[in-house]
Amino acid sequence: MNELLSVSRRRFLQTSGFLSIAFSMPVSLKIGSALASDGSQLHGDLRGNPMLDSWIQINADGTVRMLIGKVELGQGIVTAFAQIVADELDVDIGRLDIVSGDTFLSPDQGTTAGSNSMPAGYGALRMAAAEARQVMLELASQNLGVPASELSVSDGTVTGPDGAEATYWDLITGEELHREISGTATPKTADQHTIVGQSIGRLDIPGMMTGEPTFLHDLRPEGMVHGYIVRPPTYDASLVDVDTSAAEGLPGVIAVVRNGSFLGVVAERPEQAISAGEMLNQMAEWNVPANLPGNDNIYDWLLAQDAIVKQTKDEPRNGGPEAARTMEATYYRPYHMHGSLGTSAAIATLGDDEVMTIQTHSQSVFATAEAIAGMLGVDLDKVRCQHVQGSGCYGHNMADDAAADAALLAREVPGRPVRLQYTRDQEHRWEPYGSAMVIKTRAGVDEDGNVLDFEHDVWSTPHGLRPSGNPARLLPARYLDPPFEDIGIPENSGGPPNYNTARNAIADYSFPGHVVTDHYVPQIPLRVSSTRGLGAFANIFADESFMDELAVDAGVDTLEYRLRHTDDQRALDVMNAAAEKFGWASFERRENHGRGFAYARYKNYAALSAVALEVEVNPRNGRIRVIRAATAADAGEIVNPDGLTNQIEGGLIQMLSWALKEEVRFDDTRVQSNDWASYPILTFSEVPTVETVLINRPGEPYLGAGETMTGQAAAAVANAVYDAIGIRLRRVPFTPSAVQSALRS
């Protein structure tokens, strides 16, 4: 039996009915900023989950259970949360037993997304841990006969001034932590932290290195069978007819499931499920419309649609001199994939109690459970989602679809765990992509080239269509009979300036006149949803490329040009740190080599980061090689320096891949990028040397860092290519053919 499930089930029996997904090593915004302005209300997560033991439990065996709704996606969030709890409770981090993302056990903290887990999630957890420590000190005070103010704590052992001791696990005799959180405890200050701020190794890594079943794909529950889904040829195709008899007669086939245009197989072994699925695919007759614009026409299509126009910044210059000259440029971003190296998977089991239990690597277990319950037509308490790690994702990938597909198949074989894992072709062609975008920039400058008026116009389709409790946003639900058709395309581009299409459309500089206009197109020719940074990638790419063009026009060093257009000290610190680490001032010029620079503050209020990098361009074959990069980041108070470094470096590398190679290709009927040859990504040998400078701000809010390095990488490469060979690249990706075309023109 699978070790992870075996351990979990044993713990379920031993620890008062809790199922634990445990790691092999037991695993701020300022807190006030997550509270009401008068400080009288609890953090939002605490208001929804007010019981103290729904967050922290102290067990008689000397362990401390930490329950969280946020989930591990490879970003290290569970380790960071563990550091906060261990620090606040004064226990060794090794005592923590962590339950993460179980919809029947964990507090609902919403979706793990948007570089928002630390800023939004830590406050509730820290307050809960601080209050648990306060309760334990009160118990110890009564037990030892010493005022709580005279007690000290080390690894859960409370010591009085006379040396008398009592441990947390001895003091807990019943339900002392089963109380509503009052919010009266005082969390520690930054100078009192001993674990926060340290590069604690990720708690889940040792298990991965020693082959423990960490990932969902590793699980093999007893009695498991295998599923396979037969997808239509394209989004709007419908199943006309299919003869299922031959597939049903194949060895090992348990069930062929047809419901409307949904077609799937359950078999004893994976190869049997695939063989039956391939046979069904050959037998199926589909109605296939040709209604897509194609990747070569997508930018013209975007500009031609009726858009919902909204000015996200409307601060034109009031008077003053006429601009000496005006510059304009247009930039393009194609559809991008998540491109997860491991395809999405799920295991679903319909139990005797009629509860559908689903192991999933979804980022939004609570909202996805609600959507699946709606799809199945059952009450929410009949669907339980348990998060287990999967392949890294960067937003809404196919994890939720796999959970829904597995549930539909499991419904047909009660009591049997159904494992479903997509093929590479299915993952590539059906995942929700990052939306294509067009950005037009325009600037009026004075005689010295300084910006007087800056305009930014962006066109794009939606960037966020997570399940959010809506069955129609689960891929298989669209093909059922009757289908769930209303996916609820947002009627506007979302909340204030930093959401969706317009994320980071406001350049992080002080311009006398500054106007940003969002042209939101509420249509989706290709399936799209949240992908790393939403609109930030293209908006930053455009603005930071355009700043370089303005600097060149002004005859000013591109770094100096940026510095002169901001008075934000934190921005200045980040830019100067990246430049110093890179050696900007001492850069030695070589033929076909160039340097580029870019900076942004994610969402205009979160983490700040900058990159300087060097490229070599081969004019004969058009190949761009990024040789080295230096980054700097300010994410507020640092919880885990190594984790933060990994986030910055990982973001940079993925964005280099988007900039240099990635583009979803499609014709008028279907997506054609169905493997790594038709959708190439950066390879290990192409990853440059990266050096990172972290700027720590003890006591300052946690700003989140997962998406702070987005469009800067693409802009820095484009700027470096111009510096190297004098051509401007304004359309991603910068492929060899694109470089050669620019050289010819």
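Keep in mind it's a predicted model, so treat the numbers as computed, not measured.

Each value, and the rule that gives it
- Residues numbered from 1 in each chain as written.
- Predicted model: local features only at pLDDT ≥ 70, side-chain atom pairs only at ≥ 80, totals over all residues.
- Heavy atoms only, no water.
- Core = buried A, V, L, I, M, F, W, Y, C linked by side-chain atoms within 4.5 Å.
- Buried < 20%, exposed > 50% of the residue type's maximum accessible area, 1.4 Å probe, protein only.
- Helix = DSSP H or I, 4+ residues; strand = E, 2+ residues; numbered from the N terminus.
- Contact = heavy atoms within 4.5 Å.
- Pairing = 2+ DSSP bridges.
- Axes fitted to C-alpha atoms, helices over the stretch in contact; angles between N-to-C directions.
- Phe/Tyr/Trp six-rings, centres within 6.5 Å; stacked < 30°, edge-to-face > 60°.
- pLDDT = per-residue confidence, 0-100.
- Right-handed = clockwise from strand over helix to strand, strands pointing away.
- Salt bridge = Lys/Arg side-chain N within 4 Å of Asp/Glu carboxyl O.

### A closer look at the nonpolar core
Working step 1: Counting 85 residues, the largest nonpolar core has Leu-550, Phe-597, Leu-613, Ile-624 and Phe-734 as its most contacted members.
Working step 2: Of all the elements, helix H17 (residues 711-725) adds the most residues to this core, at 10 residues.
Working step 3: Look past the residues within four positions of Phe-597 in its chain and what remains in contact with it is Thr-558, Leu-559, Arg-562, Met-575, Ala-578, Ala-579, Trp-584, Ala-610, Val-611, Ala-612, Ala-716 and Asn-719.
Working step 4: Of all hydrophobic cores here, the second largest spans 62 residues; its members include Ala-373, Met-375, Tyr-433 and Leu-465.

### So, the sheet that holds strand E21 (residues 593-601)
Working step 1: In space, the 4 strands of this open sheet follow the order E21-E22-E23-E24, with mixed pairing throughout. One side of each edge strand has no neighbouring strand; the edge strands of this open sheet are E21 and strand E24 (689-694). When strand polarity is set aside, the average angle formed by the axes of neighbouring strands in this sheet is 15 degrees.
Working step 2: As judged from the 11 bridges shared by strand E22 (residues 608-618) and strand E23 (residues 623-634), these two strands associate in the antiparallel manner.

### Regarding the pairing of strand E9 (residues 253-259)
Working step 1: The sheet contact formed by E9 and strand E10 (residues 262-267) spans 6 bridges and is antiparallel. The partner of Ala-255 across the bridge, within E10, is Val-266.
Working step 2: As consecutive antiparallel partners, E9 and E10 are separated by 2 residues, and within that stretch Gly-260 has a phi angle of approximately 65 degrees, a positive value.

### Some thoughts on the packing of aromatic side chains
Working step 1: Inspection of the entire model under this criterion finds 16 aromatic pairs.
Working step 2: For the ring pair Tyr-335 and Phe-666, a centre distance of 5.7 Å and an interplane angle of 75 degrees mean the geometry is edge-to-face. Of this pair, Tyr-335 sits in the loop between strand E13 (325-333) and strand E14 (345-350) while Phe-666 sits in the loop between helix H16 (641-660) and E24; the two residues are 331 residues apart in sequence, bridging distant segments of the chain. Accessibility classification places Tyr-335 together with Phe-666 in one group, the buried group.

### Considerations on the confidence of the model for the protein
Residues shown with low pLDDT carry predicted positions that ought not to be read at fine detail.
Working step 1: Looking at the protein as a whole, the pLDDT averages 92, with 94% of positions reaching at least 70.
Working step 2: Low pLDDT, under 50, characterises residues 1-40; the stretch is placed with 87 contacts to residues that sit more than four places away or in other chains.

### Regarding the pairing of strand E2 (residues 64-68)
Working step 1: The buried fraction of E2 is high, at 5 of 5 residues.
Working step 2: In E2, alternate side chains face the same way, and those of Val-64, Met-66 and Ile-68 on one face and Arg-65 and Leu-67 on the other are all buried.
Working step 3: Both strand E1 (residues 56-58) and E2 contribute to a ladder of 3 bridges, which runs antiparallel. Considered in E2, the bridge of Ile-58 is made with Val-64.
Working step 4: In textbook terms, the turn of a hairpin is the stretch between consecutive antiparallel strands, and for E1 and E2 this stretch comprises 5 residues, one of which, Gly-62, has a positive phi near 85 degrees.
Working step 5: Pairing analysis gives 5 bridges linking E2 to strand E3 (residues 96-100), with the strands arranged parallel. Across the sheet, residue Val-64 finds its bridge partner in E3, namely Leu-96.
Working step 6: Handedness of the β-α-β unit built from E2, helix H3 (residues 77-89) and E3 comes out right-handed.

### Focus: the side chain of Thr-558
Working step 1: Mapped onto the elements, Thr-558 comes out in helix H14 (residues 558-563).
Working step 2: Among residues more than four places away in sequence, those in contact with Thr-558 are Asp-548, Ala-551, Trp-584 and Phe-597.

### Structural notes on the environment of Glu-248
Working step 1: Mapped onto the fold, Glu-248 is located in helix H7 (residues 245-248).
Working step 2: As a C-alpha pair, Glu-248 and Ala-276 span 28 residues in sequence and 7.6 Å in three-dimensional space.
Working step 3: Among residues more than four places away in sequence, those in contact with Glu-248 are Val-253 and Val-256.

### Quick look at the pattern of salt bridges
Working step 1: Using the criterion set out here, one finds 32 salt bridges in the structure.
Working step 2: Two residues, Glu-614 and Arg-590, come together in a salt bridge whose shortest N-O distance is 3.0 Å. Of this pair, Glu-614 sits in strand E22 while Arg-590 is found in the loop between helix H15 (569-582) and E21, placing the two residues 24 residues apart along the sequence.
Working step 3: Through salt bridges with shared partners, a single network forms among Arg-570, Asp-573, Asp-634, Arg-697 and Glu-700.

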